[in-house]
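Coordinate inspection notes
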Amino acid sequence: WAILPKSVVVNQRLTVFSLKSEYKSKRLLIHALLNTYFGQFMIEATGFGRGLGVLDTTKEGILDSVILDFNQLDNTAIEEILEQWNEISQKSNLNTLEQLSDPEWRRFNKCVLKHFELEDCLEDLIKCLKDSIKMRKSVSS
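Residues numbered from 1 in each chain as written. Predicted model: local features only at pLDDT ≥ 70, side-chain atom pairs only at ≥ 80, totals over all residues. Heavy atoms only, no water.

**Considerations on the overall build of the chain**
Going by this rule: Per the convention used, a helix needs a DSSP run of H or I reaching at least four residues, while a strand needs a run of E reaching at least two, with both numbered from the N terminus. Throughout, exposure labels follow a simple rule: accessible area from a 1.4 Å probe, protein chains only, divided by the maximum for the residue type, with under 20% read as buried, over 50% as exposed, and the rest as partly exposed. The contact criterion used is simple: two residues touch if any of their non-hydrogen atoms lie within 4.5 Å. Here the accessible surface of atoms and residues is derived via Shrake-Rupley with a 1.4 Å probe, and residues count as covered only by protein chains that are part of the display.
Broken down by element type, the chain carries seven helices and two strands. Walking the chain from its N terminus toward its C terminus, one meets helices and strands in the order α-α-β-β-α-α-α-α-α. Residue burial in the chain is summarised as follows: out of 141 residues, 33% are buried. In the chain, 66% of the contacts between residues at least 6 apart in sequence involve partners at least 24 apart. Of the roughly 9400 Å² that the chain leaves accessible, carbon and sulfur atoms contribute 51%.

Okay, here's the thing in C-alpha cells:
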C-alpha cells in the first residue's frame, strides 16, 4: 500500500482509497496497518490467482477484507507503531516474500501484533502468507 498525491491519475489496475474526514488524522497509522503481514494476508486471501501466478483482486474482495482496528490502540501503542513504521517505510522496497524474512519487517509486525494481543499468531501468519504466495506463484512455473 502506498500514499499517493491527489494529482496521480490511475487506471483500473490500481485500487484507490480515500479516507473519510474523521479518519484523516489516522492516515499514517492506517497506512502502517495496511502494510502489516496481516494486511498483506487479507489481500492475498481475498484475491485469486491469475495467469502467470499474479494476484488479481476485485472490488468485492477488497471490501470483504479487514484491517486491524486502530480504535483498540492507546496513544503509547500508536506512537510505538508509527515510530517503527517510519523506520521500516524508509527501507528500499522488498517483495512480500523478502519482507517475511527481513528482521526489521518482522520486528515491526511483532510490535503491531503485540499491541493487538496477537503476537502468538506471528509465525502462523508468516507461514500462511508465504505458503499462499508460493502456491499462487507456482502456477507460473
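**Points about the side chain of Thr36**
This is how it is decided: Pairs of N or O atoms are called polar contacts if they sit within 3.5 Å, as long as, within protein, a hydrogen donor faces a hydrogen acceptor (for residues adjacent in sequence, only side-chain-to-side-chain pairs).
Structurally, Thr36 is set in the loop between helix 1 (27-34) and helix 2 (37-46). Residue Thr36 is classed as buried on the basis of its relative accessible area of 1%. Looking at Thr36, its side chain comes within polar contact range of the main-chain nitrogen of Gly39, at 3.0 Å.

**Regarding the environment of Thr36**
In the structure, Thr36 is positioned 77 residues away from Leu113 in sequence and 9.1 Å away in space, judged by C-alpha atoms. Residues contacting Thr36, with those up to four places away along its chain left out, are Leu68, Phe108, Asn109 and Val112.

**Considerations on the nonpolar core**
Here is the rule we go by: Here, the term nonpolar core denotes a set of buried Ala, Val, Leu, Ile, Met, Phe, Trp, Tyr and Cys residues that are joined through side-chain atoms within 4.5 Å.
Counting 28 residues, the largest nonpolar core has Leu29, Leu33, Tyr37, Leu73, Ile81, Phe108 and Val112 as the members making the most contacts within it. Of all the elements in the fold, those that place two or more residues in this core are helix 1, helix 2, helix 4 (75-88), helix 6 (103-115) and helix 7 (122-138). Apart from the residues lying within four places of it in its own chain, the contact partners of Leu33 are Gly39, Leu68, Phe70, Val112 and Phe116.

**Some remarks on the packing of aromatic side chains**
The line we're drawing: Two rings from Phe, Tyr or Trp (for Trp, the six-membered ring) form a pair when their centres are within 6.5 Å of each other. A pair whose planes differ by under 30 degrees is stacked, one over 60 is edge-to-face, and the rest are tilted.
Following the criterion strictly, the structure yields three aromatic pairs and no others. Taken together, a centroid distance of 5.5 Å and an interplanar angle of 40 degrees make the contact between Trp85 and Phe108 tilted. Of this pair, Trp85 sits in helix 4 while Phe108 is found in helix 6, placing the two residues 23 residues apart along the sequence. Neither Trp85 nor Phe108 differs from the other in exposure class; each is buried. Relative to Phe108, the ring of Trp105 lies with its centre 6.0 Å away and its plane at 85 degrees, an arrangement referred to as edge-to-face. Here the residue Trp105 and the residue Phe108 both occupy positions in helix 6, the gap between them amounting to three residues, near one helical turn. The buried category is assigned to Phe108, whose relative accessible area is 0%.

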